[in-house]
Amino acid sequence: AASSPLRVRLAHIGLQMEPDRPVEAAVRTKLTQALQPVHLEVLNESHMHAVPKGSESHFRVRVVSQQFEGVSLLQRHRLVNEALKDELSTCIHALAIEAKTPQQWDSNPTVGKSPPCLGGSKHDNTMADKLKAGRD
């Protein structure tokens, strides 16, 4: 079977789907199915937070999709959240979303940086359950 343009682009920039990262793989798969992105980055930023090594609880996604054309930023975020509703209710503690149209991405492919961790997950009594769900 031929590789999809997205898979070719991901491979070209050195991103591979990690079999030992089931949450990251699920995020990639669900966003690809729901939004048919022309550019997709899924960044596991858990290492920047107060969680155990190897966690999959904090993510940043950059999604560029034609489906965002004429859609408000709030509605774009809702589309991403809807695609990931199962993960957000179980194993993902934090999700930063950058959602752009192809025209916006072509004119300004810059991306924001995540702020430093302030330790908020230390006080989240559901965090242990979310981390466990991500490993199951």
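Below is a summary of the structure that appears in this document. (Residues numbered from 1 in each chain as written. Predicted model: local features only at pLDDT ≥ 70, side-chain atom pairs only at ≥ 80, totals over all residues. Heavy atoms only, no water.)

1. What about the side chain of Arg60?
Step number 1: Relative to the helices and strands, Arg60 is located in strand E2 (residues 58–64).
Step number 2: In this structure the side chain of Arg60 is engaged in a polar contact, spanning 2.6 Å, whose partner is the side chain of Glu98. (Helix = DSSP H or I, 4+ residues; strand = E, 2+ residues; numbered from the N terminus. Polar contact = N/O pair within 3.5 Å; in protein donor to acceptor, adjacent residues only side chain to side chain.)

2. A few points about helix H2 (residues 22–35)
Step number 1: Counted at 1.5 Å a residue, the expected span for H2 with its 14 residues is 20 Å, and the 20 Å between its end C-alpha atoms agrees.
Step number 2: By the burial criterion, the buried members of H2 are Val23, Glu24, Val27, Arg28, Leu31 and Leu35. Buried residues of H2 fall within an arc of 140 degrees about the axis and therefore sit on the same side.
Step number 3: Just downstream of H2 lies Gln36, where phi reads positive at about 40 degrees. (Expected span 1.5 Å × (residues − 1). Buried < 20%, exposed > 50% of the residue type's maximum accessible area, 1.4 Å probe, protein only. Arc of directions from axis to C-beta.)

3. Let's talk about helix H3 (residues 73–83)
Structural remark: α-helix, 3.6 residues per turn; residues separated by three or four positions point the same way.
Step number 1: Taken as a whole, H3 has its buried residues at Arg76, Val80 and Ala83. On an axial view of H3, the arc spanned by its buried residues comes to 65 degrees, and they lie on one face.
Step number 2: Check the buried side of H3 and you find it contacts H2, E2, helix H4 (85–90), strand E3 (94–100) and helix H5 (102–107). (Contact = heavy atoms within 4.5 Å.)

Read these as spatial facts, not as claims about activity.
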